[in-house]
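Descriptive analysis of the structure
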Amino acid sequence: MKSFYLSGQRTFGNRGCEAIVRSTVGLLRAQFGDVRVLVPSRHIERDRAQWPEAAEAGVTFVRAYLPRYAHYWVNLQRLPLPFLKRMGWPFPMPGWLEEQIASVDAVLAIGGDNYSLDYRIPSPVIGLDKFAMDLGKPVILWGASVGPFEKEPAFVGSVARHLSRMEFIAVRESVSYAYLTQTLGLGNVVQMADPAFTLGKEAIDLAGFWPTGGNGILGVNVSALIERYKRQEQDIRTEVAEFIRHAVREHGLGVLLVPHVNPLKGQHAGGDATYMAGLQEQLRDLGTSVTMMPHQLNAEQIKYVISHLRFFMGARTHATIAALSSGVPTVSIAYSVKARGINRDLFGNEEAVLQTPDLSLQSLRGRLEWLLREEQALKATLAARIPQLQHQGRQAAARISDVLARDIGNDAGSVPVRSSNGTMIEQAAAVGEARVVVDGQDAADAARAPVSVVIPCFRCRSTIADAIASVAAQTLRPAEVLLVDDCSGDDTLEALHQVASGYEPGWVKVIALAENGGPSRARNAGWERAGQPYIAFLDADDTWHPRKLELQVTALRADPAIALIAHRMTVRDRDSAVPGVRAPVRVGIVGRRRLLLNNPFPTASVVLRRDLPFRFDENFRRVEDFLLWAQIAFSGYRCAKINQVLASWHKPNYGAGGLTEDLAAMHAAGRKVRLELVRQGLLSPPEHAFARLMSVVRRTRRNLLMRVRRQADRARPRQVA
């Protein structure tokens, strides 16, 4: 059974989103049979009530990712600072989201127009899809209208690179296709119809709200959304109200107001229904000739209602798609490229499109006259074209099947995948492991990794044996291990010699410092004594995954320009199982802006070139590692990170003892590091201001976690002896 995650989805309050989800699930079921589809939701019970049969279709509603600070970040990116536009979504993703995405075969990025500037820079959407790609999942932009992005020039390059990483981009109209292929120059673009053209209908009783009209019923949808795109002097609601009077009095039409973005059951009023209630109030004198559809219908029920109209004029894209796919002659009130493109593809022109700035009583009357005049021709065109568009949807679903057969290997055998920097990694899909291949030869076949491992040691006799054992267990062993005793003053030095004697002579070397200088001095001392071209760092209370060096050395051989390579780490009990490597293994280049937010390189994950002209600053006793990584990255050296957990901390990152428990001192050290980078000319003043703001956000979060932890400790029952 294939499984999918629908990114970009958050609520069925927008019935267009509901229509996309329902129809996409239908297309997937038609292609693959039984499927498992994870549908993110901010209101799981309400969305489940909106689609009670969802579980029978293979749908599981799951927690949606949209942190509260997303609103502030997206608005911050409106500032005229180019580096902010290019930063995308720089925040770490939660573990529960990784579990969701790791459990599926592919991610379909839905939402219709998420990849546009209609709702400002779509950083959270991009961040989630990038996260899925970094986890090795094929990501497909599905049934979308995309761009244009030129109103934010600093954003264009980064979003184009992001889109180029997707397996393919299935756009729903030709305007987006032309933009992506011609303006952005992307080669992974195909065209399909919006999946909602395949949405079914659910019959309901119309009698309770159907308007009276001797010449049929005209459906109208307008909303507060189009108020953003009007001319300053326009009064859209008044213009629409006068037009409805004209339609009723001059043409004998009844008018049904069709709200399409509405609150779900249990939520407060709002959306289209609230906006059009004022319109209905202006038209009270027309009696039952003007009514409003109930606002809590689901997407299939709304399509059933719309299918009974003679004509439809609407602003909401999926309200117009419901009409068009039901054969109802329709005028689209456009506020973006999507309406233009959909109509051009259907009819070969944009005669059925009314741009929002052009909306007036006269333009609406003109479009109604056109509908009356072309009614039969429009119906004939729709009858011929809609089956073709629905077939496009099925073809796009078949393309997903091809992607899964190619990239996932159909759950059989091995499939080579090239990482973002050219590293070739072979996925052993059947066992969920990955084997590194360099020039056709297993890296594990090499005798030794050209790596010196430096471990600073201070009163660590209880943990050092485990740390060295994890180095000895490497599938690609390092050439040497350097244990640097930082003048522990107890029996640690004796313990280090004892541990070293348990391995082959000369492999583990012990260095004793005459006085205590802190971890920076100890690491620098090991660095100076190292005899290999690369240095790896490990702390005495941490451990490595057995395949850490194998994977990192392979990436370094494949891309010699990399000066520093790291990977992810996790907190783990010493007696718990080591996390496995999840195929595919990917290597991503870490850009400058990532380091403005926090430290993406845990010390025990780092392998770097020995000949770099930097060292740990011995004046720093906290966050000294971050200063070094920033100096390397901000000086233009290439830094990379592997998308795997290849090392473990054996205590929480903060709040559990050691230097990091002193949060105030740690944040003070962070400020000192940023000022030092400014002094060295490696950090600009605007970047410094932004990094300081993000530090305040992180500090607030950590303080909250500490408070929760203390409260939990106080609430825990105490044992009485």
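Each value, and the rule that gives it
Residues numbered from 1 in each chain as written. Predicted model: local features only at pLDDT ≥ 70, side-chain atom pairs only at ≥ 80, totals over all residues. Heavy atoms only, no water. Axes fitted to C-alpha atoms, helices over the stretch in contact; angles between N-to-C directions. Helix = DSSP H or I, 4+ residues; strand = E, 2+ residues; numbered from the N terminus. Parallel < 35°, antiparallel > 145°, perpendicular 65-115°, else oblique. Left-handed = near helix turned anticlockwise from the far one by under 90°. Contact = heavy atoms within 4.5 Å. Nonpolar A, V, L, I, M, F, W, Y, C, P; charged D, E, K, R; others polar. Buried < 20%, exposed > 50% of the residue type's maximum accessible area, 1.4 Å probe, protein only. Polar contact = N/O pair within 3.5 Å; in protein donor to acceptor, adjacent residues only side chain to side chain. Phe/Tyr/Trp six-rings, centres within 6.5 Å; stacked < 30°, edge-to-face > 60°. Pairing = 2+ DSSP bridges. Core = buried A, V, L, I, M, F, W, Y, C linked by side-chain atoms within 4.5 Å.

Attention now moves to the packing of helix 5 (residues 95-102) against helix 6 (residues 123-134). When two helices pack together, you describe them by how their axes are tilted relative to each other and by the distance separating the axes. Helix 6 packs onto helix 5 with a crossing angle of 60° between their chain directions and a minimal axis gap of 10 Å. Considering the angle they form, helix 5 stands oblique to helix 6. The way helix 5 lies across helix 6 gives a crossing that is right-handed. Across the interface between the two elements, Leu97, Glu98 and Ile101 of helix 5 pack against Leu128, Phe131 and Ala132 of helix 6. Tallied by class, the residues present in the contact of helix 5 with helix 6 amount to five nonpolar, no polar and one charged.

With eight of nine residues buried, helix 11 (residues 299-307) lies mostly within the body of the structure. Taken together, the buried positions of helix 11 are Ala299, Glu300, Gln301, Ile302, Lys303, Tyr304, Val305 and Ile306. If you follow the buried residues of helix 11, they end up packed against helix 1 (15-32), strand 9 (254-257) and helix 12 (317-324). Between the side-chain oxygen of the N-cap and the backbone nitrogen of Glu300 there are 3.0 Å, and the N-cap of helix 11 in question is Asn298.

Turning to the environment of Ser360, a few remarks are in order. Looking at where Ser360 falls in the secondary structure, it is placed in the loop between strand 13 (353-355) and helix 14 (361-407). Residue classification places Ser360 among the buried positions, given a relative accessible area of 19%.

Next up on the list: the packing of aromatic side chains. Counting across every chain of the model gives 18 aromatic pairs. When the centroid spacing of 4.8 Å and the interplanar angle of 65° are considered together, the rings of Trp89 and Phe91 count as edge-to-face. Grouping residues by exposure puts Trp89 and Phe91 together as buried. Grouped by ring-pair contacts, the aromatic residues Tyr65, Tyr69, Trp73, Trp89, Phe91 and Trp96 constitute a single cluster.

We now examine the pairing of strand 4 (residues 106-109). Residues Ala106 and Leu108 point to one face of strand 4 and Val107 and Ala109 to the other, with burial holding for every one of them. Alignment of strand 1 (residues 2-7) against strand 4, held across four bridges, turns out to be parallel. Note on strand 4: the bridge partner recorded for Leu6 is Leu108. Sheet analysis places strand 4 next to strand 5 (residues 139-144), joined by three bridges and oriented parallel. Bridge pairing in strand 5 links Ala109 to Leu141.

A word on the nonpolar core. Membership of the largest hydrophobic core comes to 86 residues, with the highest contact counts inside it found for Leu163, Leu180, Leu608, Trp629 and Phe690. Looking at this core, the element that brings in the most residues is helix 19 (residues 624-634), giving eight residues. Among residues more than four places away in sequence, those in contact with Leu180 are Val146, Leu163, Ile169, Val171, Gly185, Leu186 and Val189. In terms of nonpolar packing, the next biggest core, distinct from the first, is built from 51 residues, Phe197, Leu359, Leu368 and Leu382 among them.

Two strands in a sheet stick together by hydrogen bonds in their backbones, pointing the same way (parallel) or opposite ways (antiparallel). What the six strands build is an open sheet, ordered 10-9-8-11-12-13; its pairing is parallel. Sheet topology places strand 10 (290-292) and strand 13 at the edges, where each strand pairs with a single neighbour. Put simply, the sheet's adjacent strands are angled 20° from each other on average, direction ignored. Bridge count for strand 9 against strand 10 is three bridges, and the pairing is parallel. Directly across from Leu256, in strand 10, lies its bridge partner Thr291.

Attention shifts here to the pairing of strand 21 (residues 534-537). Side chains Tyr534 and Ala536 of strand 21 all project onto a buried face; the interleaved residues Ile535 and Phe537 project onto the opposite face, where all are buried too. Here strand 18 (residues 449-457) pairs with strand 21 via four bridges, running parallel. The residue bridging Ser452 from the neighbouring strand is Ile535, located in strand 21. In this structure, strand 21 lies alongside strand 25 (residues 607-609), joined through three bridges in antiparallel fashion. Paired with Ile535 across the strands is Leu608, a residue of strand 25.

Our next topic: the packing of helix 6 against helix 7 (residues 153-164). At a minimum axis distance of 11 Å, the contact between helix 6 and helix 7 shows a crossing angle of 40°. The way helix 6 lies across helix 7 gives a crossing that is left-handed. Of the residues in helix 7, those touching helix 6 at Ile126, Asp129, Lys130 and Met133 are Phe155, Val159 and His162.

As a further point, take the sheet that holds strand 4. Strand order in this open sheet of seven strands is 3-2-1-4-5-6-7, and the pairing throughout is parallel. Of all the strands in the sheet, just strand 3 (59-63) and strand 7 (189-191) have a single pairing partner and so form its edges. Within the sheet, the average angular offset between the axes of one strand and its neighbour, ignoring direction, is 25°. Against the sheet, helix 8 (residues 174-183) contacts strand 6 (168-171) and strand 7, and its axis sits at roughly 165° relative to strand 7.

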